[in-house]
Amino acid sequence: MSILAILPIVTLLFFGCILIIAFKLGKQIFILKITHWLLLAYTAVLLLASGFIPVIMGETKSVERTAALDEGEAENELHEKLSNGDIGEINPDYLIGESNYNYSQEMLKIDSNSMSTPLIYIERSTENHDISAFVYMIPMVADGFELTGKLKPYQLEIEENKLSIVSTRQDIKLGIFSSSFTAKQFKREPGNEYSFSGGSQYLYLRVPEDLKIEAGEGVSVKYLEG
Amino acid sequence: MSLPKASLIDIVTKQYLYKLKANIDAFSSLIGIQLLALLLSFTGSTSSSMGGGDVSVEIQYFTADVIIIFTLIWSLVTAITITTKPNRKHEFSFVTNRLSSSLSNIMFLVTSCIIGGVTSILAGNLLRVVNFLFYERDYYSLSDDSHIINEMAVAFLYLLLMSSIGYIIGSLVQFNKIFVFLIPAFVVGTLFWGGYTQKEPFLTDVFQFYVLETIPFLFVLKIVLTSGVLFTIAIQIFNRLEVRR
């Protein structure tokens, strides 16, 4: 249990006790003393907290909002290039994982544990007998913040004749320290965007020409036309 | 034989100092209300959650917005409270008139606005520190070039506006108790009328007149002029009240 969870209760109890004591004694002079003491303590806490701010700002990363990507357009463009096998023309920022496997079996079964159905583009190659895998992703932008670097690409595991696409559940929690509305008074800044785009992952496999592919449940395969 | 002649400035200063002591509990309630706002802001002033497939994203924004809004409400209530009968009765132990009473009240309200403005912005810092120390997540700061003094100044101006609104509400209520019903009826009525006519309520336009102002000079001018006019009208209303009413 986080300390924060009990903090409100402790604070309420603390001030509740002070109020009860003040009420019980009921003397004006005591209340005045309590009030002065409270004001001094509160001011001290606020000043102390403000003294910590440079330390905290040093520990946190500064972020800027990025322009939201037209997800539909980016997806269509990526899909077109993957479908045509033009992976050299794809924006290098979209490539988030790359691996190579020596493979000598005649058949490859592809399974996935991902909640979303991964779309796999398969290129048959006559040049080598390895399997090359490329994982692409359209940059994920949430509320104007680029979060691509925080996402883990699919993990690919080959055992015997099975390629497993392992997707781990990712819960990204961010805290953004932002100025109050009084600081934004003289800026023509838009408010929080509350938008979400990108984040879908695509797998591109370059496999030997004669390899038989068997797509497991929840896996969608698209073969490139030779 | 001549009687000593008391200047208005001396009387107002004495009354102001007395009111600072007499209304010290207003500042206890300021602390209480800011702590309550802090508690409500611990999990973020605003947040958004989104996701799909194997990914979920939760973004929480930590700002002093809730604390400032609560302080604005405190400022409105304090200004109304200071016009009430028990508060005005205290003044009769002084050499006083309606003008000196109102001027000292306004000075007290301006002081409380300065304290409210400074503490509300500093409480935003406390919110950051507590979250950073006790709540585990990836923290980022949204880069901007704002200065804390500017934030405090803008918060002060909004508090001044709220105080002047509270003060005129208090004066109207003291003038005639019917305003206890008329003012809420006007506020609620404009909202309903806006809904009925399918137009933005009148109060939204008034709100936007100040909030959407991005030129510092015009913003200060709008707030100072409005507050000045409201305080002046309130002083005139109090001048029309009978003695010891």
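Preceding this section is the structure that the text describes.
Report follows, based on the coordinates. (Residues numbered from 1 in each chain as written. Chains lettered and ligands numbered in written order. Predicted model: local features only at pLDDT ≥ 70, side-chain atom pairs only at ≥ 80, totals over all residues. Heavy atoms only, no water.)

As a further point, take the packing of helix α2 (residues 25–41) of chain B against helix α3 (residues 65–82) of chain B. All names here are of chain B. Two elements in contact, α2 and α3, have axes separated by 8 Å at closest approach and are oriented at 150°. In terms of axis orientation, α2 runs roughly antiparallel to α3. As for how α2 packs across α3, the hand of that crossing is right-handed. Facing Ala26, Phe27, Ser29, Leu30, Ile33, Gln34, Leu36, Ala37, Leu38, Leu40 and Ser41 of α2, the residues of α3 in contact are Val66, Ile67, Phe70, Thr71, Trp74 and Thr78. Classifying every residue of the contact of α2 with α3 by side-chain character gives 12 nonpolar, 5 polar and no charged. (Axes fitted to C-alpha atoms, helices over the stretch in contact; angles between N-to-C directions. Helix = DSSP H or I, 4+ residues; strand = E, 2+ residues; numbered from the N terminus. Parallel < 35°, antiparallel > 145°, perpendicular 65-115°, else oblique. Left-handed = near helix turned anticlockwise from the far one by under 90°. Contact = heavy atoms within 4.5 Å. Nonpolar A, V, L, I, M, F, W, Y, C, P; charged D, E, K, R; others polar.)

Bringing the pattern of salt bridges into the picture now. Residues and elements named next belong to chain A. One pass over the structure, following the stated rule, counts 6 salt bridges over all chains. Here Lys162 and Asp111 are joined by a salt bridge, their closest N and O atoms 3.8 Å apart. With a gap of 51 residues between them, Lys162 in strand β9 (residues 162–166) and Asp111 in strand β3 (residues 107–112) connect regions that are remote in the sequence. Exposure remark for Lys162: the relative accessible area of 34% places this residue in the partly exposed category. A salt bridge links Glu123 to Arg206; the shortest N-O distance between them is 3.1 Å. Here Glu123, found in strand β4 (residues 119–125), pairs with Arg206, found in strand β12 (residues 201–208); they are 83 residues apart in sequence, far enough to count as distant. Residue Arg206 is classed as partly exposed on the basis of its relative accessible area of 23%. (Salt bridge = Lys/Arg side-chain N within 4 Å of Asp/Glu carboxyl O. Buried < 20%, exposed > 50% of the residue type's maximum accessible area, 1.4 Å probe, protein only.)

Before going further, it helps to spend a moment on helix α1 (residues 8–22) of chain B. Residues and elements named next belong to chain B. Here α1 is 15 residues long and its end C-alpha atoms lie 20 Å apart, about the 21 Å a rise of 1.5 Å per residue gives. Among all positions in α1, only Ile11, Val12, Gln15, Tyr16 and Lys19 are buried. For α1, the angular spread of the buried residues around the axis is 130°, confining them to a single face. In this structure, α1 carries Ile9, Lys14 and Lys21 as exposed residues pointing more than 90 degrees from its buried face. Against the buried residues of α1 lie α5 (98–134). (Expected span 1.5 Å × (residues − 1). Arc of directions from axis to C-beta.)

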